[in-house]
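# Structural characterization, general
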Amino acid sequence: ALPAGGVGGGGGGVGGDGRCTQPPNSGTVLGAVALITGSTVGAGVLALPETIAPAGIGPSSAVLVACWGLLVCQALLLAEVNVAVMRERDEYRLVHGRGHSPVTISLSEMAGRTLGGVGAHATTATYLFLSTTLLVAYIAKSGEIISTATGGETGGVSSGAAAAGFA
């Protein structure tokens, strides 16, 4: 059975009148797909080939295929946990006379159900750290591109500040 408050107290549960409550829908599947695609494909496709190119075509291809295999395994494991949490939530709702829950299951919720509260907080912190480092990398690279495109002239504004303005 699901805990009444969910991970961090923000999930659905049993209301004061004994009815099963549902948390507000704060995300969509399309939003989740865009977030995952932007943070993995965006950085990986641009950075990996340039980084491993000096090793040659054979080792570079092997590393890229290994990274692809790792990401496929990760995606399948996340899908398995997501389906398990979804089934658990639906079983709880069906017992209380409600149907399938349309609420999106977050990465933090999945971590909380499998790793506990500390795991949920660690997952959230790790994802925030990853997103911040990606943002810094994108701003640094876009600053380099802006500097190259303008011939180094950015009107007295540093290329990093100009890139941050575009972000």
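Computed from a predicted model, the values in this text were never measured in an experiment. Think of each chain on its own: its residues are numbered from 1, step by step along the sequence as written. Reporting in this predicted model follows two pLDDT cut-offs: at least 70 for local features of residues, and 80 or more for side-chain atom pairs to be given and counted; totals over whole chains, interfaces and linings ignore these cut-offs and use all residues. Hydrogens and water are ignored here; the side-chain numbers use all heavy atoms of the structure.

## What to know about the overall build of the chain
The secondary structure content of the chain amounts to four helices and zero strands. Across the chain, helices and strands are ordered from the amino to the carboxyl terminus as α-α-α-α. Think of it in three bands: with a 1.4 Å probe and only protein chains considered, a residue is buried below 20% of the maximum accessible area for its type, exposed above 50%, and partly exposed in between. The burial tally for the chain puts 16% of its 167 residues in the buried class. Here a residue-residue contact requires only that any non-hydrogen atoms of the pair lie within 4.5 Å. A sequence separation of at least 24 residues applies to 47% of the contacts in the chain between residues at least 6 apart. Summed over all atoms, the accessible surface of the chain reaches about 11000 Å², with 70% contributed by carbon and sulfur. Every helix listed is a DSSP run of H or I at least four residues long, and every strand listed is a run of E at least two residues long, numbered separately from the N terminus. What sets the accessible areas is the Shrake-Rupley method with a 1.4 Å probe; for residues, cover comes only from the shown protein chains.

## Let's talk about helix α3 (residues 107–149)
One fewer than the residue count of a helix, multiplied by 1.5 Å, yields its expected span. Compared with an ideal rise of 1.5 Å per residue, which puts 43 residues at 63 Å, α3 spans 39 Å between its outermost C-alpha atoms and falls more than 12% short. At L115, α3 shows its maximal kink, close to 145°. Of the residues making up α3, those classed as buried are E109, M110, A111, G112, G119, A120, L134, G143 and I146. Once α3 finishes, G151 follows within two positions and takes phi at roughly 70°, a positive value. In this scheme, the bend at a residue equals the angle between the axes fitted to the seven residues that finish there and the seven that begin there.

## Quick look at the pattern of salt bridges
Once the charged atoms of two side chains with opposite charge are near each other, the side chains can pair. What makes a salt bridge here is a side-chain nitrogen of Lys or Arg within 4 Å of a carboxyl oxygen of Asp or Glu, nothing more. By the definition in use, this model includes three salt bridges. Of the charged contacts in the structure, one is a salt bridge between E109 and R89, with a shortest N-O distance of 2.7 Å. Of this pair, E109 sits in helix α3 while R89 sits in helix α2 (residues 57–95), and the two are 20 residues apart along the sequence. Exposure class is identical for E109 and R89. Each is buried. For E109, the salt bridge identified is with R113, shortest N-O distance 3.3 Å. Note that E109 and R113 are positioned in helix α3 at a spacing of four residues, about one turn of the helix. Note on R113: relative accessible area 24%, which makes it partly exposed. When salt bridges with common partners are traced through the structure, they connect E88, R89, E109 and R113 into a single cluster.

## Some thoughts on α2
Under the 1.5 Å per step criterion, the end-to-end length of α2 is 57 Å for 39 residues, consistent within 8% with the ideal 57 Å. Taken as a whole, α2 has its buried residues at S60, V85, R89, D90, Y92 and R93. At the exit of α2 stands G97, carrying a positive phi of roughly 75°.

## With respect to the packing of α2 against α3
In the contact formed by α2 and α3, the axes pass within 10 Å of each other and the chain directions differ by 80°. Comparing the axis directions of α2 and α3 gives the class roughly perpendicular. Contact residues: L78, V81, N82, V85, E88 and R89 in α2; L107, E109, M110, R113 and T114 in α3. Residues were grouped as follows: Ala, Val, Leu, Ile, Met, Phe, Trp, Tyr, Cys and Pro as nonpolar; Asp, Glu, Lys and Arg as charged; and all remaining residues, including Gly, as polar. Class assignment for the residues of the contact of α2 with α3 results in five nonpolar, two polar and four charged. Note on geometry: axes are C-alpha line fits, over the in-contact stretch for helices, and angles between N-to-C directions span 0 to 180 degrees. In what follows, roughly perpendicular refers to angles from 65 to 115 degrees, roughly parallel to angles under 35, roughly antiparallel to angles over 145, and oblique to any angle outside these ranges.

## Some words on the side chain of S60
Summarising the element assignment, S60 is placed in helix α2. Those residues in contact with S60, other than ones at most four positions away along the chain, are I52, A53 and A55.

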